[in-house]
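Working through the structure, step by step
Next come the chains, spelled out residue by residue.
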Amino acid sequence: MTYKKMLGRRNEILKRHLNSFILKNNREGLSGQEHNFYQSMLKELYQGESQLNSMKS
């Protein structure tokens, strides 16, 4: 598996996890720890997307 494919796969997994956090937040809200974890996952996703975009250029 190439680094590019690994980043793509990782971003797919992060998107799924973020989606579940968004649904939970809409239903019942997130605890402080969950909110921090959500923010760190979002940051990782943006960094991964940025790396993938820079590899395409």
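Just so you know, these numbers come straight off a predicted model, no measurement behind them. (Residues numbered from 1 in each chain as written. Predicted model: local features only at pLDDT ≥ 70, side-chain atom pairs only at ≥ 80, totals over all residues. Heavy atoms only, no water.)

1. Things to note about the overall build of the chain
The following threshold applies: Secondary structure elements are taken from DSSP: a helix is a run of H or I of four residues or more, a strand is a run of E of two residues or more, and numbering for both begins at the N terminus. With C-alpha atoms as the basis for the radius of gyration, the globule rule is written as 2.2 Å multiplied by the number of residues raised to the power 0.38. Think of it in three bands: with a 1.4 Å probe and only protein chains considered, a residue is buried below 20% of the maximum accessible area for its type, exposed above 50%, and partly exposed in between. The contact criterion used throughout is that any non-hydrogen atoms of two residues lie within 4.5 Å. Residue burial considers only the protein chains on display, and all accessible areas are found by Shrake-Rupley using a 1.4 Å probe.
Tallying secondary structure elements over the chain gives two helices and zero strands in all. A globule of 57 residues ought to have a C-alpha radius of gyration of about 10 Å, yet the chain, at 13 Å, is considerably larger. By the burial criterion, 19% of the 57 residues in the chain qualify as buried. Partitioning the contacts of the chain with sequence separation of at least 6, the portion at a separation of at least 24 is 65%. Total accessible area on the chain is roughly 4,500 Å²; 52% of this is exposed by carbon and sulfur atoms.

2. Points about the nonpolar core
A general tendency of soluble globular proteins is for nonpolar side chains to be buried together. The condition is simple: By nonpolar core is meant a set of buried Ala, Val, Leu, Ile, Met, Phe, Trp, Tyr and Cys residues that side-chain atoms within 4.5 Å join together.
By size, the foremost hydrophobic cluster in this structure holds seven residues: L14, L18, F21, Y38, M41, L42 and L45. Looking at this core, the elements with two or more residues in it are helix 1 (3–27) and helix 2 (32–56). Among the elements that take part in this core, helix 2 stands out by supplying four residues, more than any other. Look past the residues within four positions of M41 in its chain and what remains in contact with it is L14, H17, L18 and F21.

3. Brief notes about the environment of E44
Along the chain, E44 falls in helix 2. In sequence terms E44 and L14 are 30 residues apart; their C-alpha atoms lie 8.1 Å from each other. If we ignore the near neighbours within four places in the chain, the residues touching E44 are R10 and L14.

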